[in-house]
Amino acid sequence: MPSTEKKSPRKQTKYERDQAKKLERQLKAEAERRSQRERELQRQPGFISNIMSKVNVDLDIIKDVAVWLVFTGASFLYWMFLLLMLSLFLLNTWSVKFTQIVHYSIALMVATSVFYLIRMVRKHRKA
């Protein structure tokens with residue numbers, strides 16, 4: 001039969017009490033360091049805004065690169081369509097193969113893309 005007696009809690013040894021006090025001091029010191037660091041961060045004006053401005057600059061660069069890629073692709077399609085229509089209208093005058101039209105479109109796309117990059121750099125220098 002199980003005994004119904006309650007066992008008294010075991011007394012802590014001196015070593016266990018010292019370890020508990022040491023752990024308590026470490027936790028208190030860590031909390032103090034954390035609160036001191038938070039106070040220092042609050043004293044720095046614009047600390048968070050500096051981080052956010054760097055993030056915004058990075059996002060602006062990513063956005064500009066994406067716009068440039070879309071613009072370059074669209075300019076290729078534009079030049080391809082324009083040269084195909086031109087070859088259709090000048091059927092008897094301009095005898096050109098499709099591969100030549102693709103090469104001309106690529107050359108015009110590169111020129112357009114370079115001009116767009118120059119425009120973007122000038123815009124960012126002004127700002």
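Quick caveat: nothing in here was measured; it's all calculated off a predicted structure.

Undergrad: Mind showing me how you'd approach the overall build of the protein here?
TA: In terms of regular secondary structure, the protein is built from 3 helices and 0 strands. Ordered by position in the sequence, the α and β elements of the protein form the string α-α-α. In the protein, which comprises 127 residues, the share counted as buried stands at 12%. Contacts in the protein between residues far apart in sequence, at least 24 positions, make up 56% of those at least 6 positions apart. Of the accessible surface of the protein, which amounts to about 11600 Å², a share of 64% is contributed by carbon and sulfur atoms.

Undergrad: Any chance you could explain the nonpolar core here in plain terms?
TA: Most often, soluble globular proteins keep nonpolar side chains buried together rather than apart. Of all hydrophobic cores here, the largest spans 5 residues; its members are Met80, Leu83, Val96, Ile101 and Val102. Secondary structure elements with two or more residues in this core: helix H2 (47–89) and helix H3 (98–126). Apart from the residues lying within four places of it in its own chain, the contact partners of Met80 are Phe98, Ile101, Val102 and Ser105.

Undergrad: Whenever I open this one, a nonpolar patch on the surface confuses me. Can you help?
TA: The grouping of Ile106, Val110, Val114, Phe115 and Ile118 at the surface amounts to a nonpolar patch, some 440 Å² of accessible area in total. For Ile118, the location among the structural elements is in helix H3. Taking relative accessible area as the criterion, Ile118 reaches 37% and is therefore assigned partly exposed.

Undergrad: How should I be thinking about the pattern of salt bridges in this particular structure?
TA: Two side chains that carry opposite charge are able to pair once their charged atoms sit near each other. One pass over the full model with this rule turns up 2 salt bridges. Measuring nitrogen to oxygen at the nearest pair gives 3.4 Å for the salt bridge that ties Asp18 to Lys14. Of this pair, Asp18 and Lys14 both sit in helix H1 (residues 14–43), separated by 4 residues, roughly a single helical turn. Here Glu30 and Arg34 are joined by a salt bridge, their closest N and O atoms 3.0 Å apart.

Cut-offs and rules
Residues numbered from 1 in each chain as written. Predicted model: local features only at pLDDT ≥ 70, side-chain atom pairs only at ≥ 80, totals over all residues. Heavy atoms only, no water. Helix = DSSP H or I, 4+ residues; strand = E, 2+ residues; numbered from the N terminus. Buried < 20%, exposed > 50% of the residue type's maximum accessible area, 1.4 Å probe, protein only. Contact = heavy atoms within 4.5 Å. Areas by Shrake-Rupley, 256 points an atom, 1.4 Å probe, with all protein chains shown as cover. Core = buried A, V, L, I, M, F, W, Y, C linked by side-chain atoms within 4.5 Å. Patch = residues over 30% accessible without salt bridge, like charges linked within 9 Å, V, L, I, M, F, W, Y side chains within 5 Å. Salt bridge = Lys/Arg side-chain N within 4 Å of Asp/Glu carboxyl O.

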